[in-house]
Amino acid sequence: PLLIAGALAVKFTSPGPILFRQCRVGQRGEEFELYKFRTLRVNDDSDTTWSVNDDDRVTRAGRFLRKTSIDEIPQFLNVLRGDMSLVGPRPIRPVFFEELAHELPSYWQRLVVRPGLTGFAQVRRGYETSMAEKLSHDLEWVADRSVRLYLRTIVATGWRVLKQSVSGIFRRRA
């Protein structure tokens, strides 16, 4: 039902494709096409521009899809194809990978594992943290890929998505 609802929300609130496809760097540096529900107006700079909070390119439906993480559901296709895992460092666009690998010499070490639908760095510090801090959490994940840490990350992700969804719904009504 969430897949259908997400697709309909994108289709009926903005022109363009339902799915957003973008090249990302995966395990061993192999590139793959990542799928998400499109949350931005169709544009030409999505491969080279970071999306930020209050990005004016975000559509009305896109704000809700992002807040509830419904926009990430199509990435389960990437998991089924073997491009991604449920948990691992979040995949990054090639242009940003090259920049970060130059700035942070150990950045390439995150390529030892498949990128994840959710990541240890996201549940530890969220998206609003430095790339160096995210990298330290990614490398912690790479070094300690235990079942316990995997399950802890899945549970923490579920809790974070639930909190964000509920707070987003109540903030809108206030």
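Above: the structure in question.
Thresholds, definitions, all that
Residues numbered from 1 in each chain as written. Predicted model: local features only at pLDDT ≥ 70, side-chain atom pairs only at ≥ 80, totals over all residues. Heavy atoms only, no water. Helix = DSSP H or I, 4+ residues; strand = E, 2+ residues; numbered from the N terminus. Buried < 20%, exposed > 50% of the residue type's maximum accessible area, 1.4 Å probe, protein only. Contact = heavy atoms within 4.5 Å. Core = buried A, V, L, I, M, F, W, Y, C linked by side-chain atoms within 4.5 Å. Polar contact = N/O pair within 3.5 Å; in protein donor to acceptor, adjacent residues only side chain to side chain.

Participant: What am I meant to see in the overall build of the protein here?
Facilitator: Secondary structure assignment for the protein yields seven helices and four strands. If you list the helices and strands of the protein from N to C, you get α-β-β-α-α-β-α-β-α-α-α. Here the protein, with 174 residues, has 42% of them falling under the buried criterion. Restricting to contacts in the protein with at least 6 residues of sequence separation, those with at least 24 account for 67%.

Participant: Help me understand the nonpolar core in this model?
Facilitator: General note: in soluble globular proteins, nonpolar side chains tend to be found buried as a group. In this structure, Val 25, Ile 92, Phe 96, Phe 97, Leu 100, Leu 104, Tyr 107, Leu 111 and Leu 135 together form the largest nonpolar core, which totals nine residues. With three residues, the top contributor of residues to this core is helix α4 (residues 94–103). Leaving out residues up to four positions away in the same chain, Leu 104 has contacts with Met 131, Ala 132 and Leu 135. Counting residues in hydrophobic clusters, the runner-up holds seven residues, among them Val 87, Val 113, Phe 120 and Trp 141.

Participant: How should I be thinking about the side chain of Thr 118 in this particular structure?
Facilitator: Along the chain, Thr 118 falls in strand β4 (residues 116–118). Thr 118 sits in the buried class, given a relative accessible area of 10%. Within polar-contact distance, the side chain of Thr 118 engages the side chain of Thr 157 at 2.6 Å.

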